[in-house]
Amino acid sequence: MKAVTWFGTLVISEDGEVEECCLLKKDPELLAEHMLTAAGDEYLPVHGLKLRELALDCDFVDLEEEYDVLLREVCISTVKRQISMTDTDDKHIIQAVEAMDDIDKAANELSERLTEWYGIYFPELELTAEPMARFVARFGSRENVPEGHNMFAKASSSMGAELSLVDEDLLRNFATSLCGIYDTRKNLEQYIMNNMGAVAPNVTDIAGAPLGARLISLAGGLEKLAAFPSSTVQVIGASNALFKHLRSRAPSPKHGVIFNHPLIKGSPWWQRGKVARALASKISLAARMDVYGSAHDPSIRENLERKVEAIRKAHPEPPKKLSTKVTQPGPGRAGGRPVKKRGGQKKGGMNKGGKSIGNRSGGRSA
Amino acid sequence: MSIEQLSDGIFEVITDDRKILATRNLYPGHSVYGERLMDVDGVEYRQWDPHRSKLGAMVLKGFDIPIEYDSHVLYLGAASGTTVSHVSDILADGLVYAVEFSPRTMRDLIKLCDQRPNIIPILADANKPRSYAHIVETVDVIFQDVAQPNQAEIAANNSKYFLENDGHLMLSIKSRSIDTVANPKKIFKDEVKKLESDFGVEFEVLQRKELDPFHEDHLGVLARMFVEDED
Ligand SMILES: C[S@@+](CC[C@H](N)C(=O)[O-])C[C@H]1O[C@@H](n2cnc3c(N)ncnc32)[C@H](O)[C@@H]1O
């Protein structure tokens, strides 16, 4: 059996003897480098090995103590590298979220332009946005659409104008740039997915990476998000309505970005306000834990799920009195309709939430 | 103040009015998580808070702790090292492989590793034992505290990989990580049953006790792995 170990690659016989060994140099930095890359190697051992004995057998080290000292040094160095590779700075997340917004705006305008322009030559093409850009970048003139492609029929019978070579070049370049922009957007999304867990493990667990990132960005940072009362977290992203509320005592808005959370989207309209309050309070708690640098604590999510379950059980039916007034319970509007002003708050166990915040910040890392 | 040894490296410091669980401080003068340091006859002991540590609670609940001064231990779910620091104290001549998958938490753990010569940190997911099989040797004891829904499976898979014949598994099962509403007693029963035979490795459960009043809805399990004879 061939096996990669932290000190080299070995060929081990059925009865555990080393048959061949290709040892690495005893340099901690090189060994750490190798340890990092080996973690995904196809020759990782398929069962545990008596690594210490093997290392002595093939004279990588002379003494057990030497094995321990070296392994420890290499592991510490490896972990330090791994940590510095994961980004834990919320500033990067904020930049990524804002860059994504910029991209959306730009991509929208450019794709409208492309649709309008290319429409002159191929009006029957019913694509928009990214599929449109990919199509134009790939084919240019509709004459290049090959037989068998699902647009072939439309392309060969199109009423559109002829496309000159110069224009084709221009449009194709334009579409290619637009495709690049869509690619960048995907990279940014991936970046956020990859890094949110390290920046804010608990917020990510409760809100999900994209929504969590958006909340951090809208709040202006993880610390600011943690400092907001949960009633504010609930309306983050509804700023126009919020300012109006503050200025003119208009009814307080209920639709922050957290209304995109599946727990709220998946709830019937009469439960949404209550679920939103529960969710906002857990996001607040999670943000505070993340600011204190606590590890991921699955109990926040468990508590949230229990609470939502309780809300579902307590309010299985739409409230009677209101149901006559609500003529069109469109999901967006009606969802935020306060059933009673701030009714659920007393029942919902906000106190419990508050208490556990205190507990956690005092008792970190148990 | 006097001292009584409960098992290898685990002590009770006895004062006038109470007994305090403690380990001998491997790095004298330094407290890890704010615990009290106590001098008895010129030796420094660190208080071990059972409310902050499942293993500490297991000691006080009367488990036979299989960790000896020269054991090799695989610790899954090391977090920032509260309990690992005590394991490190116990292992005067042993070694603990501390696996944790959160980079943030690992930052704290690394500080502890810098101070103590017998902790080997590993940033990895305990669901993937193969991803650290090039680092971790077979060990005498596996201790696991990961608060994951598939706790039993993680424990069984790591035992399959890394536990020495006759080695011991110590496991803290948190019922709420598995099901938030079901009755903990039922969950514990199911989990232990799963552990015993569901994952292609068999265990003999030696002791099982709930960890209250130190930890609510937690079960401690001490088990020994059965080895099938291969020849
Ligand atoms: C309850 S805490 C452990 C506390 C620690 N045993 C102590 O007493 O000091 C659980 C830890 O397990 C970690 N964890 C959870 N799932 C894990 C996995 N699959 N692999 C590695 N670590 C994990 C979490 O990040 C968390 O730090």
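What counts and what doesn't
- Residues numbered from 1 in each chain as written.
- Chains lettered and ligands numbered in written order.
- Predicted model: local features only at pLDDT ≥ 70, side-chain atom pairs only at ≥ 80, totals over all residues.
- Heavy atoms only, no water.
- Helix = DSSP H or I, 4+ residues; strand = E, 2+ residues; numbered from the N terminus.
- Buried < 20%, exposed > 50% of the residue type's maximum accessible area, 1.4 Å probe, protein only.
- Contact = heavy atoms within 4.5 Å.
- Pairing = 2+ DSSP bridges.
- Buried area = accessible area lost by both parts, 1.4 Å probe.
- Salt bridge = Lys/Arg side-chain N within 4 Å of Asp/Glu carboxyl O.
- Phe/Tyr/Trp six-rings, centres within 6.5 Å; stacked < 30°, edge-to-face > 60°.
- Expected span 1.5 Å × (residues − 1).
- Axes fitted to C-alpha atoms, helices over the stretch in contact; angles between N-to-C directions.
- Core = buried A, V, L, I, M, F, W, Y, C linked by side-chain atoms within 4.5 Å.
- Near = heavy atom within 4 Å.
- Polar contact = N/O pair within 3.5 Å; in protein donor to acceptor, adjacent residues only side chain to side chain.
- Parallel < 35°, antiparallel > 145°, perpendicular 65-115°, else oblique.
- Left-handed = near helix turned anticlockwise from the far one by under 90°.
- Nonpolar A, V, L, I, M, F, W, Y, C, P; charged D, E, K, R; others polar.

Draft legend 1. Focus on the overall build of chain B. Along its length, chain B carries 6 helices and 12 strands. Going through the 231 residues of chain B one by one, you find that 58% of them count as buried. The long-range fraction of contacts in chain B, counting pairs at least 24 apart against all pairs at least 6 apart in sequence, stands at 56%.

Draft legend 2. Layout of the pairing of strand E2 (residues 10-14) of chain B. Residues and elements named next belong to chain B. Within E2, 4 of the 5 residues are buried, which leaves it mostly tucked inside the rest of the structure. Inspection of the sheet shows strand E1 (residues 2-7) paired to E2 by 5 bridges, in the antiparallel sense. What sits directly across from Ser-7, in E2, is Ile-10. A loop of 2 residues connects E1 with E2, the two strands running antiparallel in sequence, and Gly-9 in this loop sits at a positive phi of about 75°. Pairing of E2 with strand E3 (residues 19-24) involves 5 bridges; the strand directions are antiparallel.

Draft legend 3. Layout of the interface of chain B and chain A. Counting residues at the interface gives 39 residues for chain B and 44 residues for chain A. Taken as a group, Arg-104, Arg-130 and His-134 of chain B account for 21% of the area that chain B buries against chain A, more than any other trio of residues on that side. Put simply, chain B and chain A have 4 salt bridges between them. Its salt-bridge partner being Lys-50 of chain A, residue Glu-164 of chain B comes within 2.5 Å of it at the nearest N-O pair. For the side of chain B that touches chain A, the secondary structure elements donating two or more residues are strand E7 (95-100), helix H3 (103-115), strand E8 (119-123), helix H4 (151-162), strand E10 (163-174) and helix H5 (175-178) of chain B. When residues in the side of chain B that touches chain A are grouped by element, the largest group, 9 residues, is from H3 of chain B.

Draft legend 4. Structural detail: the packing of aromatic side chains. The final tally for this structure, using the stated rule, is 13 aromatic pairs over all chains. Arranged with centres 5.6 Å apart and planes meeting at 90°, the rings of Trp-6 of chain A and Phe-7 of chain A form a pair that is edge-to-face. Comparing Trp-6 of chain A with Phe-7 of chain A, the two get one shared label, buried. Consider the rings of Tyr-75 of chain B and Phe-143 of chain B, whose centres lie 4.9 Å apart with planes at 40°: the pair is tilted. In this pair, Tyr-75 of chain B is assigned in strand E6 (residues 72-76) and Phe-143 of chain B in strand E9 (residues 139-144), connecting sequence segments 68 residues apart.

Draft legend 5. Summary view of H4 of chain B. Residue and element names in this part refer to chain B. The end-to-end C-alpha distance of H4, which contains 12 residues, comes to 16 Å, matching closely the 16 Å that a straight helix rising 1.5 Å per residue would cover. Across the 12 residues of H4, 9 count as buried, placing the element largely inside the fold. Within H4, the full set of buried residues consists of Gln-151, Ala-152, Ile-154, Ala-155, Ala-156, Asn-158, Ser-159, Tyr-161 and Phe-162.

Draft legend 6. Looking closely at the sheet that holds strand E5 (residues 43-47) of chain B. Residues and elements named next belong to chain B. With antiparallel pairing, the 5 strands of this open sheet are ordered in space as E1-E2-E3-E5-E4. The sheet is open, and its two edges are formed by E1 and strand E4 (37-40), each paired on a single side. Strand-to-strand twist across the sheet, computed as the mean angle between neighbouring axes with direction ignored, equals 40°.

Draft legend 7. Examining the nonpolar core more closely. Among the nonpolar cores identified, the biggest contains 56 residues, and Trp-6 and Phe-7 of chain A together with Tyr-97 and Tyr-132 of chain B are the most heavily contacted of them. Among the elements that take part in this core, H4 of chain B stands out by supplying 6 residues, more than any other. Contacts of Tyr-97 of chain B, omitting those with residues within four sequence positions, involve Arg-52, Tyr-67 and Leu-71 of chain A together with Val-73, Leu-74, Tyr-75, Ile-120, Ile-122, Ile-135, Val-136, Glu-137 and Val-139 of chain B.

Draft legend 8. Inspection of the site of the ligand at higher detail. As a matter of local geometry, the ligand sits amid 19 residues, with Tyr-75, Thr-83, Glu-100, Asp-125 and Gln-148 of chain B nearest to it. Lying at an intersection of chains, the ligand is approached by residues of chains A and B. Contact distances for the ligand include 3.2 Å between a nitrogen atom and a backbone N or O atom of Gly-77 of chain B. Contact distances for the ligand include 2.8 Å between a nitrogen atom and a backbone N or O atom of Ala-126 of chain B.

Draft legend 9. Representation of the side chain of Gln-271 of chain A within the structure. Residues and elements named next belong to chain A. Mapped onto the secondary structure, Gln-271 falls in helix H14 (residues 269-291). In this structure Gln-271 comes out as buried when scored by relative accessible area, which is 3%. Setting aside chain neighbours within four positions, we find Gln-271 in contact with Ile-311, Arg-312, His-315 and Pro-316.

Draft legend 10. Examining the packing of H4 of chain B against helix H6 (residues 184-197) of chain B more closely. Residues and elements named next belong to chain B. Relative orientation of the contacting elements H4 and H6 amounts to 25°, with a least axis distance of 9 Å. Overall, the two elements H4 and H6 adopt an arrangement that is roughly parallel. Classified by chirality, the crossing of H6 by H4 is right-handed. Between H4, through Ala-152, Ala-155 and Ala-156, and H6, the contact on the second element is made entirely by Glu-191, Lys-194 and Leu-195. A breakdown of the residues in the contact of H4 with H6 according to their chemical character gives 4 nonpolar, no polar and 2 charged.

Draft legend 11. Structural detail: the sheet that holds strand E1 (residues 2-5) of chain A. All names here are of chain A. Pairing within the open sheet is antiparallel, and its 3 strands lie in the order E1-E2-E3. The sheet is open, and its two borders are formed by E1 and strand E3 (18-23), each paired with just one other strand. Neighbour to neighbour, the strand axes of the sheet diverge by 20° on average, direction disregarded. Looking at chain direction, E1 and strand E2 (residues 8-12) are connected through 4 bridges and run antiparallel. Its bridge partner lying in E2, Val-4 is registered against Thr-9.

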